[in-house]
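Structural features, examined
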Amino acid sequence: MTEASRALSESLQAAVFGHTSGAVLARGRGYVKRNRVTELRVSAGRIRARVLGSDGERYRVELTAPQTPAPPVITKIRWNCDCLYAAEHRRGTCKHVVAVALVAARRFERADALRRRWMGGAAAEAPEAEPEEFTALAERLLAAFTAPPVSAEDVLVRAIAIAPPPFSVRETRV
Ligand SMILES: [Zn+2]
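Calculation criteria
- Residues numbered from 1 in each chain as written.
- Predicted model: local features only at pLDDT ≥ 70, side-chain atom pairs only at ≥ 80, totals over all residues.
- Helix = DSSP H or I, 4+ residues; strand = E, 2+ residues; numbered from the N terminus.
- Buried ≥ 20, exposed ≤ 12 C-beta atoms within 10 Å, placed from the backbone.
- Contact = placed C-beta atoms within 7 Å.
- Expected span 1.5 Å × (residues − 1).
- Arc of directions from axis to C-beta.
- Core = buried A, V, L, I, M, F, W, Y, C linked by C-beta atoms within 7 Å.

In this section: the overall build of the protein chain. The secondary structure content of the protein chain amounts to seven helices and four strands. From first element to last, N terminus to C terminus, the protein chain shows the α and β order α-α-β-β-β-β-α-α-α-α-α. Classification of the 174 residues of the protein chain by burial places 27% in the buried group. Within the protein chain, contacts between residues at least 6 apart in sequence are counted, and of these 62% link residues at least 24 apart.

This is the structure in structure tokens:
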């Protein structure tokens, strides 16, 4: 972890938690533990994610820096969530916003590339793939390439399982 990424991570949490009640903070932490934050994306001065609510609804959360360019240390942050609580409590954050801030803070600490994206670096608009997505793909590739092929068809079927092609499998059997 670099000093810069730690500073960004800690300042993000401080900026959000300054508007969070203890009860909401605890619920937000619970959401992180249960992996309810998905599709986290960071771009210049902006963090976006989806949070799976207790009602099964996927809420859209956005955290943005009020100034451009985005600061290396956050002092003020704007938040937005499309849940009902957020609509009724404009001054305080909801648990979804807290959960996204926690996950983003952790990712900032782990990947300096993400901090550079926040700062508006070259890859600022590139989507941030979930670590789990990489792991799942790596596992599928490993299984496909290490199992001994029984037939050419077998190889094709495995290849299709990794990346489904835009045609029918039945018609292209070898
Ligand atoms: Zn919310």
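With that settled, consider unusual backbone geometry. A cis geometry characterises the amide bond from Thr68 onward to Pro69, with omega recorded as -5°. Within the secondary structure, Pro69 is located in the loop between strand E3 (58-64) and strand E4 (78-81). With a phi close to 55°, Asn35 is a non-glycine residue in the positive phi region. Secondary-structure assignment places Asn35 in the loop between helix H2 (22-33) and strand E1 (37-43). Given 12 C-beta atoms within 10 Å, Asn35 falls into the exposed group. A positive phi angle is found at Glu39, which is not glycine, with a value near 55°. Topologically, Glu39 is positioned in strand E1. Owing to 14 C-beta atoms within 10 Å, Glu39 belongs among the partly exposed residues under this scheme.

Structural remark: α-helix, 3.6 residues per turn; residues separated by three or four positions point the same way. Its 15 residues place the ends of helix H1 (residues 3-17) 21 Å apart at the C-alpha level, agreeing with the 21 Å of an ideal helix rising 1.5 Å per residue. Inspection of H1 places Ser5, Leu8, Ser9, Leu12, Gln13 and Val16 among the buried residues, and these make up the whole buried set. Buried residues of H1, viewed axially, fall in a sector of 125°; they line one side. Residues of H1 that are buried sit in contact with E4, helix H4 (95-110) and helix H5 (112-118).

The next subject is the nonpolar core. Formed by 33 residues in total, the largest nonpolar core has its most connected members in Leu12, Val97, Val100, Ala101 and Ala104. For this core, the secondary structure elements donating two or more residues are H1, H2, E1, strand E2 (46-52), E3, E4, H4 and H5. With 10 residues, H4 is the largest single contributor of residues to this core. Ignoring anything within four residues of it in the chain, the contact list for Val100 reads Val37, Ile47, Ala49, Val51, Val61 and Leu63.

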